[in-house]
Amino acid sequence: MAFDIDMIKAVYNRMPARVEAARKLLGKPLTLSEKILYSHLWEESTNEAFVRGKSYVDFAPDRVAMQDATAQMALLQFMQAGKDKVAVPSTTHCDHLILAKQGADKDLKSSLTASGEVFNFLESVSNKYGIGFWKPGAGIIHQVVLENYAFPGGMMIGTDSHTVNAGGLGMVAIGVGGADAVDVMAGMPWELKFPKLIGVKLTGKMNGWTAAKDVILKVAGILTVKGGTGAIVEYFGPGALSLSGTGKGTICNMGAEIGATTSTFGYDDAMERYLRTTDRADIADLANEIRPHLTGDPEVYANPEQYFDQVIEIDLSTLEPHVNGPFTPDRATPVSKMRAEAEANGWPMDVEWGLIGSCTNSSYEDLSRAASIAQQAVDKGLTTKADFGINPGSEQVRFTAERDGLLQIFEDLDATIFTNACGPCIGQWERAGNNERVNTIVHSFNRNFSKRADGNPNTHAFVTSPEMVAAIAISGNLGFNPITDTLTNDKGEEVKLDPPVGDELPDKGFDVEENGYQAPAEDGSNVQVIVSPDSKRLQLLEPFDPWDGKNITGAKLLIKAFGKCTTDHISMAGPWLRFRGHLDNISDNCLIGAVNAFGQATNKVKNQITGEYGPVPATARQYKAEGIPSIVVGDHNYGEGSSREHAAMEPRFLGVKAVLVKSFARIHETNLKKQGMLGLTFADESDYDKIQEDDTINFLDLVDFAPGKPLTIEFIHADGSKDIVLANHTYNEAQIGWFKAGSALNLIKQEANQ
Ligand code: SF4
């Protein structure tokens, strides 16, 4: 059904020799990350010692995973690559397009109706091209991957930024855009800038209310949303050994929130237990044979400062539970300081919802620990003040949790059990009575950007562990600290919640009746993939135009984005998810969440043809219709957040030629390159201030576009004065080839036809 044992054997067979060769080449002991990276090089033997943070390297990932929202565009692109079958084991997971409203049964039915066309497309295209298909309701991609496909020492990519979750089982697993997935599925190398390495040494042992989630909430506070950019975070030390496999997954999952390329842990007993309990004893046996290669060398962990670019140490024994937010996951507050912090900032103290689940925290262990708190509410005569919503991570977890009575505990508190899917984590939450009210919710998810959960910009969402979500939801108060505070029960007594207890893995093992997996046809040549020309949801792609070989001239500024501009701001999720497979229709959300530096409003920019202010997409469409190129200017860490390539394809489709920013989030920068756009950074950040809203823009030396050579751009202001701006870029020869061909896919096709 699931994992490909022959592929894993092949990885493990070659790993010892490759690790040894890399050790010799680098002349030093190796981190786990280096072992995995060097044993997944595209070229079998290399004599090159790559420079972290500099060298572009071709890799050969073992697997690809795609979720329904991103898979549409990835597979529409793959269909254009002219291949019969995917080159590596790949899977599609239907999880993002499922609404959370009334509870699993009703929600799943209505989502099957609402998105049936897309699910059918994904099912048929997966069937045709040899891709495993996980049906709606089967679970959230990263939980399903952890349960079925992740393996120590492996490398995978996935079209979702939380693909990194699989680091919990010792993988290097990286979130990419659909275009990268297409490369790998088409049998091409996958390119990545060799990451820097951040070591996180964990000492001590967690106790009381502290959970694995608190490790990453603390790390996010230290490193911020940018601190992990371009780096793999490798966890090690005695504390790491005390964490469960799924706990490690939680920590790696939220590595995406610090911008890290990925995070990983060395293979250990907890991973072995997880593999065996999830029916993969054969992988555990194989992994045990090469165990020393599946973790960092002892010399590295003994002297981490010598081998990592940065080292952080966290003592789990003294780590406090954290509550991060609102609006950004790196605003980390220890629970003992939350009340004061919330009051000082005027955050609403009443908590309306406690949401447990998402790919970050929906393991059996998570549900059991949170249930232990919920059970206390019943036992101690407490009434919960907030509503509860639960999204189990997979049907296997849900079925087992139901069998073991865990879900019943939440149901006794009137919790709504939503589908095994993303739901409220991605704006697919039809929240009753929701409007623009200022309110607070707590959840065990990973992201809490404005509007992310329910579309309400005034919802203050706080991220914490599932057990803390349970405690805070029961208390109904954001400042509640279960370690010190008491609650009043139905008899008027003051009672305290005891620390959570739970099971790392179910005593009776996992169980499931119908896991929702569908294997592809052996020979898919007769399988028809149908996309209706009238469809509002799906549209076959037309190739983007190649570069005409000339400097871009007479371009207009479409928008100068101010402050945080995530992929959610560039290509909003929520209701727009339904157009993920239709480039023209979804382009109507292009940059509508970005704040315009001129006027500080969203979706209101000056149309330089009419002089009027209007929505970004309509303005871009008018420029395009009149043959006028446009450019986007942005601030720091532009494009942080998810891996969605729509955030690059939409501006490309609407005629934007270049995105010039102070700095990029890695995945988005790559996505722009893949779509044949110019992703550029200001050589001098202060030049951002020189850009004016009615500028006309000329590229002066694009005809000499070359690796390592900055581009010169002229901004002519309305009064006739001008500024010359130097723009850096990170394009190598191959990526310049993408730009010239119009997109990476155009180049793949050209090369296939040669
Ligand atoms: Fe789904 Fe949320 Fe996880 Fe993304 S982060 S895969 S939306 S549960």
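Residues numbered from 1 in each chain as written. Predicted model: local features only at pLDDT ≥ 70, side-chain atom pairs only at ≥ 80, totals over all residues. Heavy atoms only, no water.

An unreviewed UniProt entry lists the chain under the name Aconitate hydratase A, from Roseivirga misakiensis. Quoted verbatim from the Pathway (unreviewed entry) heading of the UniProt record, the comment on the chain is "Carbohydrate metabolism; tricarboxylic acid cycle; isocitrate from oxaloacetate: step 2/2." According to UniProt, the comment filed for the chain under the heading Sequence similarities (unreviewed entry) is "Belongs to the aconitase/IPM isomerase family." (UniProt positions renumbered as here; feature names shortened; annotations may be inferred.)

Regarding its fold elements, the chain presents 26 helices and 30 strands. Considering only C-alpha atoms, the chain reaches an extent of 75 × 60 × 55 Å along its principal axes. Relative to its 754 residues, the chain shows a buried fraction of 64%. Of the accessible surface of the chain, which amounts to about 25,600 Å², a share of 48% is contributed by carbon and sulfur atoms. Averaged over its 69 positive side-chain charges, the chain has a centre that lies 2 Å from the centre of its 98 negative ones. (Helix = DSSP H or I, 4+ residues; strand = E, 2+ residues; numbered from the N terminus. Buried < 20%, exposed > 50% of the residue type's maximum accessible area, 1.4 Å probe, protein only. Areas by Shrake-Rupley, 256 points an atom, 1.4 Å probe, with all protein chains shown as cover. Lys, Arg positive; Asp, Glu negative; His and termini not counted. Charge placed at Lys NZ, Arg CZ, Asp CG, Glu CD.)

This brings us to the packing of aromatic side chains. Scanning the entire structure with this criterion turns up 21 aromatic pairs. Members of the aromatic cluster, connected to one another through ring pairs, are Trp547, Phe705, Tyr731 and Phe739. (Phe/Tyr/Trp six-rings, centres within 6.5 Å; stacked < 30°, edge-to-face > 60°.)

A few words on the pattern of salt bridges. If you walk through the whole model with that rule in mind, you get 38 salt bridges. Arginine 331 is the salt-bridge partner of glutamate 341, the closest N and O atoms lying 3.5 Å from each other. Within this pair, whereas glutamate 341 is found in helix 15 (residues 335–345), its partner arginine 331 is found in the loop between strand 12 (322–324) and strand 13 (332–334), the two being separated by 10 residues in sequence. The salt bridge involving lysine 690 is made with aspartate 687; its shortest N-O contact spans 2.8 Å. With relative accessibility at 5%, the residue aspartate 687 sits in the buried group. (Salt bridge = Lys/Arg side-chain N within 4 Å of Asp/Glu carboxyl O.)

Below, the discussion takes up the domain arrangement of the chain. Entries for the chain in the domain assignment read domain 1 (5–315), domain 2 (322–495) and domain 3 (555–753). Each of domain 1 and domain 2 has a C-alpha centre, and these two points are 27 Å apart. Listed per partner, the contact involves 44 residues of domain 1 and 47 residues of domain 2. Of the roughly 3,500 Å² buried between domain 1 and domain 2, counting both surfaces, carbon and sulfur atoms make up 58%. A per-residue breakdown of the area domain 1 buries against domain 2 is headed by Ala100, Ile140 and Trp209, which together make up 21% of the total. Across the pair glutamate 430 and lysine 101 runs a salt bridge whose closest N-O atoms are separated by 3.2 Å. At the junction of domain 1 with domain 2, the criterion picks out 29 residue pairs in polar contact (both at pLDDT 80 or more). Going through the elements one at a time, helix 4 (104–114), helix 6 (141–148), helix 8 (212–223) and helix 10 (245–253) are the ones with two or more residues in the side of domain 1 that touches domain 2. Of the residues forming the side of domain 1 that touches domain 2, the biggest block, six residues, is contributed by helix 8. Among the residues making up the side of domain 1 that touches domain 2, the classes are represented as 16 nonpolar, 20 polar and eight charged. (Domains from an automatic or database assignment. Contact = heavy atoms within 4.5 Å. Buried area = accessible area lost by both parts, 1.4 Å probe. Polar contact = N/O pair within 3.5 Å; in protein donor to acceptor, adjacent residues only side chain to side chain. Nonpolar A, V, L, I, M, F, W, Y, C, P; charged D, E, K, R; others polar.)

Let us now look at a negative patch on the surface. There is a patch of like negative charges on the surface, built from Asp387, Glu411, Asp412 and Asp414. Among the structural elements, aspartate 387 can be located in strand 15 (residues 387–391). Residue classification places aspartate 387 among the partly exposed positions, given a relative accessible area of 44%. (Patch = residues over 30% accessible without salt bridge, like charges linked within 9 Å, V, L, I, M, F, W, Y side chains within 5 Å.)

Taken together, six strands build an open sheet; the order of strands is 6-5-2-3-4-21 and the sheet is mixed. The open sheet has two free edges, formed respectively by strand 6 (172–175) and strand 21 (517–518), since each of these has just one partner strand. Pairing analysis gives four bridges linking strand 5 (residues 155–158) to strand 6, with the strands arranged parallel. The partner of methionine 155 across the bridge, within strand 6, is valine 172. (Pairing = 2+ DSSP bridges.)

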